[in-house]
Structure formats: structure tokens, C-alpha cells
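These are the residues of each chain, in order.
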Amino acid sequence: MENQNGPHLVLIPPPFHGHMTPMLQLATVLHSKGFSITIAHTHFNSPDPSNHPNFNFLPFFDGLSSTQITSKNFVDIASTLNCLYNLYDGFFHFIDSLAKELKLPSIVFRTTCATNFLTYHVCAHLQTKGYLPLQDCKSLDLVPELELLRFKDLPIFNLRNPHDFLHCTSKNLSITPLAVIFNTMQGLEDSSVIQLQQLHKINLFPVGPLHMIANEFNNISIMRESDGCISWLNSKARKSVLYVSLGSIASWEEKELTEMACGLANSGQSFVWVILPETVNNVSEWLESLSEDVKLGVTERGWIVKWAPQSEVLAHEAVGGFWSHYGWNSTLESLWEGIPIICQPHFGDQRVNVRLLSHVWKVGLEWCNVMERDEIEKVVRTLMVNQEGEELRERATELKHEIRLATNGSSSDALNGLVKCILSIKM
Ligand code: UDP
């Protein structure tokens, strides 16, 4: 194992793909900078150590709620590993006080966009000014403190009852790490990063897009990727395929999947479609239940997978559009490849991402309709064959060049700054 003598970092990701994946990517990059790495993780959705032979892995606190996790758990980790620093996902904000008890310096990694974190401040102000809870959850009025968003775009799970969200954000705002890392990049959210810098007065490091920076080193996915997808894409014309993946968490009812199947088949477009096993256990049986013409459309023009090599799919020249829920990782992955999108947000930060994609960067069609076959056929055709889709595709290509140019150098400067910051910590 390399770097065992380098300064020791413990990284603590929550067990969700959208959090675990970028944390492993960050770990890969920091390991390449000479740090010795331990990933403290839950058993649920645990990473496969054989994919990361250079890291230590430590199963940690399964089955405990945040209030049951005591400094004892943490002492165990700290003393077992003799660790010097801990780096945790902002989702686990409670780790801050435990680390303080142990006098362990900590750094927070935020896996959502910087603008989403800014909304935590904004929501706190909105609450003191009496705007929350909202009477109209679909309000299109602009948020006075952050006018790029409408009230309906705020990442509050239940806009009529924001209590839990506000409690969680106030915890997040009260933590005092040494630095905050964002998986974002220059040229995308500069004004949000600057505002956060002014509000927090600590080091912020925009080191993204980590999927690009880390993929130079190794393969990260914690799920087994289905075979065959890339060879199927190799047989398709340039920009002719729609990639459909509505998140690793969002669950769909079979009825909605059937509407999707009909809409996709009737659109006449080719598509790669991720259907998670949690949604339909036996895809072949479900396909059999569809009408003959839909079944034919899906099998002739579609490729269904349980889990796709998403970054590779989006980078493939046959892919001309993405229909997504728009988690932040998917947002970065598609922006990097210049893919225009149908954005269908479900909850939380996805609403902020979709507003940025459709209104600020103008590379996506915001689509909040019910899952109904005619609507789906229409929106797919708009993106893949109509003039409006073509304009989005051109804008996405322009933005891809802009961000690649702006990121060139800035993210590696931020990474070097992060390394320097960690190494300067006096224990
Ligand atoms: N992903 C993947 N294959 C799939 C579906 C998703 O590799 O079939 C990856 C995707 O590339 C992204 C992550 O899973 O890196 C999902 O994170 P995101 O923040 O986009 O959304 P979440 O699923 O957390 O809501």
C-alpha cells in the first residue's frame, strides 16, 4: 500500500451514490497528492475495497442515529488510525462537534452546488422576515435575496412545513470547519462562491469537476455497471441517442415506468434507459406486460440497464440528450460533455440545479409535467429533433468549451491550496 507514511486523512461519506462517489473521487485525488487515506463508511452501500487497494476501509456506525453516535465511536476511529485530520460530508454535520471534542481538525466537503449552500443562508433570512412557511408552493415570484431562484425552486422538502429543513440548515450553518470543499468549478457559480466566501470568511476550495480529475486515476462506481451499453452506443449515429436516468434514489411506480416506455417508444428516438432493480425487479417480465407495439419500440430502439457507466455514456459521441432528475453529480457530468437536457427535478437541491440549468446556463428544458405518454413523447422530440433542442445543444457545446477553459488550471490551483491548507494545520 502506497502513501502509508503520508499525513493521515479519514474521509466520512454518507452511504448514497451522490455523496459516496464524489468523496471517493476526492480521496483518489488526495491520495495522489501524498496523503494516506481511510474511508470510514456504513455497511449499507459500502464501497468495494478491492477497487481501491490504496485506501484503508473502516466500517462505522451502522444502525445508529446521529444522536446515538458519540465521541466514543469517534475515539475508536481516531485511536485505531492515529489520524490527524478528518474530512466529512456536510450531510453529516453532527461530526463537527465530535471532532471538536477530540481536538481533531475537520474540513467539510459539500457535494451539492455552492448555490444550494447559499440558499441555506437565504432561507434563514426568509424565515426571520416571515416569508416561511410558504402559502403557495408553486410560487413563481423571485426570491428577494437570491433573484435567480423562484420560491418554488428553494430546496426545502416541504415548503408548507419547512421546520425540519430549517433545523438542519441552521445546524449546517453553525458548524465551523477549517475549510469547505465544493465540487464545482470556476465559470459556473462564481457569484455564489464569492458570496459564500464573504459570509463564512474561511477557505473555500472549488476543486471540481471531480469525476474528471479523479477518473484519470481509477474507476470509482460503487455499483456494478451493466455490460454492453458502450458497444451498443458504438453502433448509433452521432447525437442520436437520449440517455435516461432519473437518479439513484428517486423511485418510480410501475405505472409511471409504463408511461415512460410508451412515450419513449412513440418518440421514435433511440435511448439508453437506466431502470434500477428497486423500481422493477424483473425487467423482462415487465416488458412482457407492455403492448406489442410499445415492446417492439423499446426493444428495437432502446437499451435498458440496471446501472450505466454514466460518465462514459455522456462522453459518447452518439449521445445527444439526457433526461435526468439532475442531482449535482449528473449536472456536472453532463455540463462537462456539453449535453442538453430534459430536467425533471424531484426534491431538494435538484430544484436549484434545474433552475441553474434552464434559466441561468440555458442548456435544459425544465419539465415538471406528470408522467404521461403523450407529454413524454412531446418533450423527447423537442429535445432530440426540434429547433429548440438544437439551440440548447449549441448552447451546451458553447458552455462546455467555456467551463473547460475556465477550469483549466483553476481547479488544480484550488486542490493545491487545499493540500497546503491541510498541511498547515498545527495539531
Ligand atoms: N450513476 C451511474 N450510473 C447510473 C446512474 C447514476 O454511474 O446508472 C452515477 C452518476 O454518474 C452520478 C451518481 O450516480 O455520479 C448520481 O449522483 P447525482 O448527484 O447525479 O444524483 P443522486 O442519484 O445522488 O440523486
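Scroll up for the structure.
Every value quoted in this text rests on a predicted model; they were computed, and no experiment measured them.

The rules behind each value
Residues numbered from 1 in each chain as written. Predicted model: local features only at pLDDT ≥ 70, side-chain atom pairs only at ≥ 80, totals over all residues. Near = placed C-beta within 6 Å. Helix = DSSP H or I, 4+ residues; strand = E, 2+ residues; numbered from the N terminus. Nonpolar A, V, L, I, M, F, W, Y, C, P; charged D, E, K, R; others polar. Core = buried A, V, L, I, M, F, W, Y, C linked by C-beta atoms within 7 Å. Buried ≥ 20, exposed ≤ 12 C-beta atoms within 10 Å, placed from the backbone. Contact = placed C-beta atoms within 7 Å. Pairing = 2+ DSSP bridges. Expected span 1.5 Å × (residues − 1). Axes fitted to C-alpha atoms, helices over the stretch in contact; angles between N-to-C directions. Parallel < 35°, antiparallel > 145°, perpendicular 65-115°, else oblique.

Caption draft 1: Examining the site of the ligand more closely. As a matter of local geometry, the ligand sits amid 19 residues, with Gly18, Ser248, Gln310, Gly327 and Ser330 nearest to it. Sorting the residues of the shell around the ligand by element identifies α1 (17-32), α12 (310-315) and α13 (328-337) as the ones contributing at least two each. It is α13 that provides the largest number of residues to the shell around the ligand, a total of four residues. Grouping the amino acids of the shell around the ligand by side-chain chemistry returns six nonpolar, 12 polar and one charged.

Caption draft 2: Expanded view of unusual backbone geometry. Omega for the bond connecting leucine 132 with proline 133 falls within 30 degrees of zero, at -5 degrees, which places this linkage in the cis form. With respect to the helices and strands, the residue proline 133 is situated in the loop between α4 (114-128) and β6 (142-143). With a phi close to 50 degrees, lysine 201 is a non-glycine residue in the positive phi region. One can find lysine 201 in the loop between α6 (190-200) and β9 (203-206). A positive phi is found at lysine 362, a non-glycine position, where the angle reads about 55 degrees. Of note, lysine 362 is situated in the loop between α14 (349-360) and β15 (364-366).

Caption draft 3: A look at the nonpolar core. Ranked by internal contacts, the top residues of the largest apolar core, which has 109 residues, are Leu11, Ala27, Ile181, Tyr243, Leu264 and Val272. The dominant element in this core, judged by the number of residues it contributes, is α1, at seven residues. Setting aside chain neighbours within four positions, we find valine 272 in contact with Cys229, Leu233, Val241, Tyr243, Val244, Trp303, Val305, Ala308 and Val313.

Caption draft 4: Expanded view of the pairing of strand β12 (residues 302-305). What you see with β12 is no split at all: Gly302 and Ile304 on one side and Trp303 and Val305 on the other are buried throughout. Sheet topology note: the strand β11 (residues 270-274)/β12 ladder contains four bridges and is parallel. Opposite valine 272, over in β12, you have tryptophan 303 as the bridge partner.

Caption draft 5: Representation of α4 within the structure. Taking 1.5 Å as the rise per residue, α4 with 15 residues should run 21 Å; its terminal C-alpha atoms sit 22 Å apart, in good agreement. Taken together, the buried positions of α4 are occupied by Ala114, Thr115, Asn116, Phe117, Leu118, Thr119, Tyr120, Cys123 and Leu126. Elements that come into contact with the buried residues of α4 comprise β5 (106-110), β7 (146-150), α5 (163-174), β8 (179-182), α6 and α14. Two residues or fewer after α4 comes glycine 130, characterised by a positive phi angle close to 80 degrees.

Caption draft 6: Expanded view of the packing of α13 against helix α16 (residues 387-407). In contact at an axis separation of 7 Å, α13 and α16 are set at 100 degrees when each is read in the N-to-C sense. For the element pair α13 / α16, the angle class is roughly perpendicular. Between α13 and α16, the residues in contact are Leu335, Trp336 and Glu337 and Leu399, Lys400 and Ile403, respectively. For the contact of α13 with α16, the residue count by class is four nonpolar, no polar and two charged.

Caption draft 7: Structural detail: α13. Counting buried positions along α13 gives nine out of 10 residues, so the element sits mostly inside the fold. Turning to α13, its buried residues are Trp328, Asn329, Ser330, Thr331, Leu332, Glu333, Ser334, Leu335 and Trp336. Trailing α13 by a residue or two, glycine 338 shows a phi angle of about 70 degrees, which is positive.

Caption draft 8: Structural context of the pairing of strand β2 (residues 36-41). With respect to burial, β2 is a largely interior element, six of its six residues being buried. Going residue by residue along β2, you find Ser36, Thr38 and Ala40 tucked away on one face and Ile37, Ile39 and His41 tucked away on the opposite face as well. Sheet analysis places strand β1 (residues 8-12) next to β2, joined by four bridges and oriented parallel. Its bridge partner being in β2, leucine 9 is matched across the sheet by isoleucine 37.

Caption draft 9: Up close: the sheet that holds β11. Strands sit in the order β12-β11-β10-β13-β14-β15 across an open sheet of six strands; the sheet is parallel. A single partner strand is all that each edge strand has here, and the edge strands are β12 and β15. Taking each pair of neighbouring strands and ignoring which way they run, the sheet shows an average axis angle of 15 degrees. The pairing of strand β14 (residues 341-343) with β15 spans three bridges and is classified as parallel. Note on β15: the bridge partner recorded for isoleucine 342 is leucine 365.

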